[in-house]
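Each chain, written out:
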Amino acid sequence: MSKTTKTLAGSLLLATLSASVLAAPQTNSSASSIKAGVAFDQGFGVTAQFNNKINAFIGNDGVSADYLFKQGAFNSDIPINWYVGVGGAINWDDNDHDNSYAVRVPLGASIPFAKSWDVYGQVAPDLAFKDRHNDNNDFEFGVDVALGVRYGF
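These lines cover the structure that appears in this document, whether it is placed above or below. (Residues numbered from 1 in each chain as written. Predicted model: local features only at pLDDT ≥ 70, side-chain atom pairs only at ≥ 80, totals over all residues. Heavy atoms only, no water.)

Geometry of an aromatic ring pair is reported as the spacing of the ring centres plus the angle between the planes. Within this structure, the stated rule accounts for five aromatic pairs. Taken together, a centroid distance of 5.3 Å and an interplanar angle of 85° make the contact between Tyr-151 and Phe-153 edge-to-face. Following the ring pairs from residue to residue traces out a cluster consisting of Phe-113, Trp-117, Tyr-151 and Phe-153. (Phe/Tyr/Trp six-rings, centres within 6.5 Å; stacked < 30°, edge-to-face > 60°.)

Turning our attention to empty space enclosed by the protein. Counted under the stated rule, the structure contains one cavity of 30 Å³ or more. Considered as a void within the structure, the largest cavity measures approximately 50 Å³ in volume. Surrounding the largest cavity, Asp-41, Thr-47, Asn-55, Ala-56, Phe-57, Ser-64, Ala-65, Asp-66, Arg-104, Tyr-120, Gln-122 and Arg-150 form its lining. For the lining of the largest cavity, the secondary structure elements donating two or more residues are strand 3 (54-59), strand 4 (62-75) and strand 8 (117-131). In terms of residue class, the lining of the largest cavity is built from four nonpolar, four polar and four charged. (1 Å grid on protein atoms, 1.4 Å probe; cavity = no way out; pocket = protein on both sides within 12 Å on 5 of 7 lines; lining within 4 Å. Points joined across faces, edges and corners; volume = space filled by probe spheres on them. Helix = DSSP H or I, 4+ residues; strand = E, 2+ residues; numbered from the N terminus. Nonpolar A, V, L, I, M, F, W, Y, C, P; charged D, E, K, R; others polar.)

Phi angles above zero are rare outside glycine, and Asn-52 is one such case at about 55°. Even without glycine at this site, Ser-116 takes up a positive phi of about 70°. Within the secondary structure, Ser-116 sits in the loop between strand 7 (107-114) and strand 8. When its relative accessible area of 33% is taken as the criterion, Ser-116 is described as partly exposed. (Buried < 20%, exposed > 50% of the residue type's maximum accessible area, 1.4 Å probe, protein only.)

Throughout the structure, instances matching the rule amount to six salt bridges. With a closest N to O distance of 3.2 Å, Asp-144 and Arg-104 form a salt bridge. In this pair, Asp-144 is assigned in strand 9 (residues 138-152) and Arg-104 in strand 6 (residues 98-104), connecting sequence segments 40 residues apart. With a closest N to O distance of 3.9 Å, Lys-130 and Glu-140 form a salt bridge. Residue Lys-130 is found in strand 8, and its partner Glu-140 is found in strand 9; the two are separated by ten residues along the sequence. Relative accessible area serves as the criterion here: at 37%, Glu-140 is assigned to the partly exposed category. Among the charged side chains, a salt-bridge network with shared partners connects Asp-41, Asp-66, Arg-104 and Asp-144. (Salt bridge = Lys/Arg side-chain N within 4 Å of Asp/Glu carboxyl O.)

Here it is as structure tokens:
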């Protein structure tokens, strides 16, 4: 599969995800927040957060989506928020045509630094199935690291 096809498939996945999130009934206006920005996760790419519950990313080397099931603040005096989630990632490598499909657990923090802006960082341990072109498939444990900036709409 070419990189263009993979990027289009990832974009379609994110569009489907965002449409389902936006169609969900909202109980208050703050729950409908959407943030978008740029980040380094699976390479350099575009990141989005929906309703402060779903993080999504599409980049040069893959696509990921995470559901944040636990969030909080470190201290009411310090504006640093933390989160824990569960999600998945698809990583592709056009050099040797190997792909991987991973389940991951992101642990992260975000810091609001200006009105409607935040910066975030996360570490996501993962278990990936490596789909190798030479049929030597295997499982691999790894850690993804992400850093990004987002603007809230």
